[in-house]
Amino acid sequence: MDLINFEATELRLGLPGSTDEWDKKSTASPVNTNKRSSSEMGSSVTDETDSSRSPPPAKAQIVGWPPVRTCRKNIIQGKKSEPEMGSGMYVKVSMDGAPYLRKVDLKVCKSYGELLKSLQEMFKCIIGLYSEREGYKSEYAPTYEDKDGDWMLLGDVPWDMFLTSCRRLRIMKSCEVIES
Amino acid sequence: MVYSLPEEVLEHVFSFITSDKDRNAVSLVCKSWYEIERWCRRKVFVGNCYAVSPGIMIRRFPELRAVELKGKPHFADFNLVPDGWGGYACSWIDEMSRAYPWLEEIRLKRMVVSDESLELISTAFKNFKVLVLSSCEGFSTDGLSAIASNCRNLKELDLRESEVMDLSGRWLSHFPDTFTSLESLNISCLGSEVSFSALERLVARSPNLKTLRLNRAVPLGKLSTLLHQAPQLVELGTGAYSSGIRSDVYTGLSKAFLGCKELKGLSGFWDADPSYLPALYSVCSRLTTLNLSYSTIRSPDITKVIGQCPNLQRLWVLDHIEDSGLNALALSCKNLQELRVFPSDLYAADVNVTLTEQGLVSVSQGCPKLQSVLYFCHQMSNSALITIAKNRPNLTCFRLCIIEPRTPDYLTHEPLDIGFGAIVKHCKNLNRLSLSGLLTDRVFEYIGTHAKKLEMLSIAFAGDSDLGLHHVLSGCESLKKLEIRDCPFGDTALLANVAKLATMRSLWMSSCAVSIGACKILSQKMPMLNVEVIDENGSLDSRLDSCLVEKLYVYRTVAGPRSDMPGYIWTMDRESANRI
């Protein structure tokens, strides 16, 4: 018995195509109803969860709940877009003179300080401290390739902005850095 | 023989009476007091712009200097009121421009204001001083240009949380060089950048500037420049509070804050970078208001700041403060009066954030002056609520939002009836309450029995039957505003309490069980109420009286049915469902 189109054959009071709006709005539970228990029907119905272990289905979003104003929601939503990139934000890191590249997870570092610390540990070098005027006073300059393909010195822009534009990192030797 | 004081003397005496309630009471004493009072009334508050018409207000109070109006229902903040609902300021501003050439102050909340109206304000009122547009919409930066260009004596321009069509940042440059009277500027809701040099020059030539709330686009690196120009500031809203790794910015900021000896309130802090927080430590000891609710800094950093603010009276934060931060708050801030904790995640509990009911219990215990609470959380228990109620009988505002609707007491799995019951029983001066969690009709029985001073009640996903609504309407003597969504309340309770509705400002019910028929009956029985049905599903004429309405908004009025309703709002006529 084909139960896929169960809803179409269901007997209800109401015009065809109409749904019980009040019921839908007043329940807070997830949209999954009991009408189609797909897991019991066998493999003919593709289960949404048979691919990679994805997070549980999003709760049915109720209009106007929780009672948070739009301007606040935008702030919260803005922060949430980072985790949705996946379980990590790995970028390639190359260092001039090193035989192979490494990868670092930018999401684990919460700030430039932590990132520089990781890089210094990873490559066993000293990059030093940032200054707006002089960059880094050491033999290395940490740079990153941004969305436009330009190589930028690490530290000029706010951390969040850096996260959205960084494609890969490169630790340049200072003698290679051209002063502009 | 009855001696009566001369009019001029009475007028002089009345001039010391400023509260609206007292003024209203004075006007009821006798006819001559009514007459004298109405001629010398200088400010009026209209809580529902449709309760009275501009003409009626102008006829009664011919010499007003300040008017405050509110438009849309509160639930409009949460997108429950469709676009085009109403709340237009236009007719009010038009009529006032003719009647009150000396009007100085206009305050609007949840209203639709056009650029034309702003232009009219800027030219019609020669001594215009204060414009506050709170959660308003419908205007652009062009309207602001007119205000800037023409209001020579402007003291206050406050756009809090309004939705402004941001055409450009150039409007700020329209304040003339001769303009020096600014005391308060709030542009925090604006998206686009204003010209920084214009802003700097404006601040520099405003010696009386006490409140400055910047928008996110003002970079942190420029903040110290502004602070040096305005060390007399009392309230500051920063722009974005991060700037890469900039030790020069940090040093400059520290120095600038050091110079601000009058600073009592801080807000802003978008994208806050915790490494810049120590820059403001020098002002912390004087802070009475701190709003960190737009920043996502974590508990240890928040705690460090709060620990230095012993005089804090008002704190707004995200739930990143966690129970640990609230415990610290309870220890350090003995003068705390208001706490608002907003959610960082709108749906599921963020596993990285440990904010539970314990945090609120700690604060209720440690802060003896706590009066006002807004708390978003994921779990609550009756025992915690009872503890809070007993600790803080001086609460006047208690708004609890357990994010998942119908969540029971997490310890006993019971409804939270007795917890909220304790709140209304112990907090005898409670004037505002918002409920959440699993609640039966019983909680409404407690509210009807005990909440005698309650003026505003918000209910969502609660109750079992009409009895719940009946308890509230029949028991809460002081009730002015009632807003309900997704509750099984319907015709019986509504029709059993029609007279009550005329003593209230308004009633909102959405996704409840009220029928078209009941709305018709209510409308017939109570001609002094506007009974407005909001229904976007098409004409009500074709539906049976037994059909349920989507949304219902009922309010008392002396102005009759309104004439600016959109197509999806239906008023019930005596004869039949009829849209004007």
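Residues numbered from 1 in each chain as written. Chains lettered and ligands numbered in written order. Predicted model: local features only at pLDDT ≥ 70, side-chain atom pairs only at ≥ 80, totals over all residues. Heavy atoms only, no water.

1. Examining the overall build of chain B
Here's step 1: Of the regular secondary structure elements, chain B holds 21 helices and 24 strands.
Here's step 2: Since a compact globule built from 580 residues should have a radius of gyration of about 25 Å, the 25 Å found for chain B is in line with a globular shape.
Here's step 3: Taken along its principal axes, the extent of the C-alpha atoms in chain B is 75 × 65 × 60 Å.
Here's step 4: By the burial criterion, 57% of the 580 residues in chain B qualify as buried.
Here's step 5: Intrachain contacts of chain B at a sequence separation of at least 6 include 70% that bridge at least 24 residues.
Here's step 6: Accessible surface for chain B amounts to roughly 22,800 Å². Of this, 52% is attributable to carbon and sulfur atoms.
Here's step 7: Taking the average location of the 62 positive side-chain charges in chain B and that of its 64 negative ones, the two points are 6 Å from each other. (Helix = DSSP H or I, 4+ residues; strand = E, 2+ residues; numbered from the N terminus. Rg over C-alpha atoms; globule rule 2.2 N^0.38 Å. Buried < 20%, exposed > 50% of the residue type's maximum accessible area, 1.4 Å probe, protein only. Contact = heavy atoms within 4.5 Å. Areas by Shrake-Rupley, 256 points an atom, 1.4 Å probe, with all protein chains shown as cover. Lys, Arg positive; Asp, Glu negative; His and termini not counted. Charge placed at Lys NZ, Arg CZ, Asp CG, Glu CD.)

2. A word on the nonpolar core
Here's step 1: Met 57, Tyr 241, Phe 257, Phe 398, Ile 447 and Leu 482 of chain B are the most contacted members of the largest nonpolar core, which totals 178 residues.
Here's step 2: Every residue in contact with Met 57 of chain B, bar those within four places of it in the chain, is listed here: Val 44, Val 46, Val 52, Leu 64, Val 67, Trp 92, Met 96 and Tyr 100 of chain B.
Here's step 3: Counting 25 residues, the second-largest nonpolar core is a separate cluster that includes Val 93, Leu 115, Leu 116 and Cys 125 of chain A. (Core = buried A, V, L, I, M, F, W, Y, C linked by side-chain atoms within 4.5 Å.)

3. Side note on unusual backbone geometry
Here's step 1: At the junction of Trp 65 of chain A and Pro 66 of chain A, the peptide bond is cis and its omega measures out at -5 degrees in the coordinates.
Here's step 2: Secondary-structure assignment places Pro 66 of chain A in the loop between helix H2 (21-26) and helix H3 (70-80).
Here's step 3: Phi at Asp 486 of chain B takes a positive value of approximately 55 degrees, unusual for a residue other than glycine.
Here's step 4: Note on placement: Asp 486 of chain B falls in the loop between strand S19 (481-485) and helix H19 (491-496).
Here's step 5: Asp 486 of chain B sits in the buried class, given a relative accessible area of 3%.

4. With respect to the confidence of the model for chain B
Residue and element names in this part refer to chain B.
Here's step 1: Overall, the predicted model of chain B reaches an average pLDDT of 94, with 98% of residues at or above 70.
Here's step 2: Of the regions scoring below 50 in pLDDT, residues 574-580 engages in 15 contacts with residues more than four places distant in sequence or in other chains.
Here's step 3: Scored as a complex, the prediction yields pTM 0.80 and ipTM 0.88. (pLDDT = per-residue confidence, 0-100.)

5. A word on the packing of helix H8 (residues 196-204) of chain B against helix H9 (residues 220-229) of chain B
Residues and elements named next belong to chain B.
Here's step 1: Where H8 contacts H9, the axes come no closer than 8 Å and their chain directions differ by 20 degrees. If you check the angle between H8 and H9, you find them roughly parallel. You can see that H8 and H9 cross each other, and the crossing is right-handed. Note on element contacts: H9 touches H8 through Lys 222, Thr 225, Leu 226 and Gln 229, opposite Phe 196, Leu 199, Glu 200, Val 203 and Ala 204. (Axes fitted to C-alpha atoms, helices over the stretch in contact; angles between N-to-C directions. Parallel < 35°, antiparallel > 145°, perpendicular 65-115°, else oblique. Left-handed = near helix turned anticlockwise from the far one by under 90°.)

6. As for the pairing of strand S16 (residues 397-402) of chain B
Residues and elements named next belong to chain B.
Here's step 1: For S16, the buried fraction is high: six of the six residues fall into the buried class.
Here's step 2: Burial along S16 is two-sided: Cys 397, Arg 399 and Cys 401 facing one way and Phe 398, Leu 400 and Ile 402 facing the other are all buried.
Here's step 3: Where strand S15 (residues 372-377) meets S16, six bridges bridge the pair, whose relative direction is parallel. Within S16, the residue paired with Ser 372 across the bridge is Cys 397.
Here's step 4: Handedness of the crossover joining S15 and S16 through helix H15 (residues 382-391) is recorded here as right-handed.
Here's step 5: Once the chain exits S16 it traverses helix H16 (residues 417-426) before rejoining the sheet at strand S17 (residues 432-434), and the crossover so formed is right-handed. (Pairing = 2+ DSSP bridges. Right-handed = clockwise from strand over helix to strand, strands pointing away.)

7. Quick word on the packing of helix H6 (residues 115-124) of chain B against helix H7 (residues 141-150) of chain B
All names here are of chain B.
Here's step 1: Here H6 crosses H7 at 5 degrees, and the two axes come no closer than 8 Å. Between H6 and H7, the angle is such that the two are roughly parallel. Of H7, the residues touching H6 (which contributes Asp 115, Leu 118, Glu 119, Ile 121, Ser 122 and Thr 123) are Asp 142, Gly 143, Leu 144, Ala 146, Ile 147 and Asn 150.
Here's step 2: Its residues assigned to classes, the contact of H6 with H7 shows five nonpolar, four polar and three charged. (Nonpolar A, V, L, I, M, F, W, Y, C, P; charged D, E, K, R; others polar.)

8. Looking at the sheet that holds strand S7 (residues 168-173) of chain A
All names here are of chain A.
Here's step 1: The mixed open sheet is built from five strands, whose spatial order is S2-S1-S7-S5-S6. On the outer flanks of this sheet lie strand S2 (102-105) and strand S6 (151-153), each paired with one strand and no other. In this sheet, neighbouring strand axes are inclined to one another by 35 degrees on average, regardless of whether the strands run parallel or antiparallel.
Here's step 2: Taken together, the three bridges between strand S5 (residues 140-145) and S6 define a ladder with antiparallel strand orientation. Looking at the pairing, Glu 145 lines up with Trp 151 of S6.
Here's step 3: Relative to the sheet, helix H4 (residues 112-123) contacts strand S1 (90-95), S2, S5 and S7, its axis offset from that of S2 by approximately 155 degrees.

9. Re the environment of Asp 96 of chain A
Residues and elements named next belong to chain A.
Here's step 1: If you trace the backbone, Asp 96 turns up in the loop between S1 and S2.
Here's step 2: With 78 residues separating them along the chain, Asp 96 and Ser 174 place their C-alpha atoms 10.0 Å apart.
Here's step 3: Here Arg 170 takes part through its side chain, which lies 3.1 Å from a polar atom of the side chain of Asp 96. (Polar contact = N/O pair within 3.5 Å; in protein donor to acceptor, adjacent residues only side chain to side chain.)

10. Structural notes on a nonpolar patch on the surface
Residue and element names in this part refer to chain B.
Here's step 1: Taken together, the side chains of Leu 5, Val 9 and Val 13 define a hydrophobic patch exposed on the protein surface, amounting to about 240 Å² of accessible area.
Here's step 2: Structurally, Val 9 is set in helix H1 (residues 7-14).
Here's step 3: With relative accessibility at 35%, the residue Val 9 sits in the partly exposed group. (Patch = residues over 30% accessible without salt bridge, like charges linked within 9 Å, V, L, I, M, F, W, Y side chains within 5 Å. Salt bridge = Lys/Arg side-chain N within 4 Å of Asp/Glu carboxyl O.)

11. Details of the interface of chain B and chain A
Size of an interface: often given as the accessible area lost when the parts come together.
Here's step 1: Opposite the 40 residues of chain B that make contact, chain A presents 33 residues.
Here's step 2: Summing the contributions of chain B and of chain A, the shared interface buries around 3,400 Å²; its carbon and sulfur component is 59%.
Here's step 3: When the area that chain B buries against chain A is broken down by residue, the three leading residues are Phe 78, Ile 245 and Leu 346 of chain B, summing to 19%.
Here's step 4: At the boundary of chain B with chain A, the tally comes to two salt bridges.
Here's step 5: Where Arg 69 of chain A meets Glu 161 of chain B, a salt bridge forms, and the shortest distance between an N and an O atom there is 3.4 Å.
Here's step 6: If you look at where chain B meets chain A, you find six residue pairs in polar contact (both at pLDDT 80 or more).
Here's step 7: For the side of chain B that touches chain A, a count of residues per class yields 18 nonpolar, nine polar and 13 charged. (Buried area = accessible area lost by both parts, 1.4 Å probe.)

12. Here's the deal with the pattern of salt bridges
Here's step 1: Inspection of the entire model under this criterion finds 26 salt bridges over all chains.
Here's step 2: One salt bridge in this structure joins Arg 23 of chain B and Glu 37 of chain B, with 3.0 Å as the shortest N-O distance. Here the residue Arg 23 of chain B occupies a position in helix H2 (residues 20-27), and Glu 37 of chain B occupies one in helix H3 (residues 31-40), the gap between them amounting to 14 residues. Across the pair, Glu 37 of chain B and Arg 23 of chain B agree in class, each one buried.
Here's step 3: Between Glu 105 of chain B and Arg 107 of chain B there is a salt bridge; the shortest N-O distance is 2.6 Å.
Here's step 4: Through salt bridges with shared partners, one network takes in Arg 69 of chain A together with Asp 77, Arg 110 and Glu 161 of chain B.

13. Looking at the environment of Asn 391 of chain B
Residue and element names in this part refer to chain B.
Here's step 1: Considering the arrangement of structural elements, one finds Asn 391 in helix H15.
Here's step 2: Through-space distance from the C-alpha of Asn 391 to that of Val 361 is 8.5 Å; in sequence the pair is 30 residues apart.
Here's step 3: Setting aside its immediate chain neighbours within four residues, Asn 391 contacts Val 361, Ser 364 and Gln 365.

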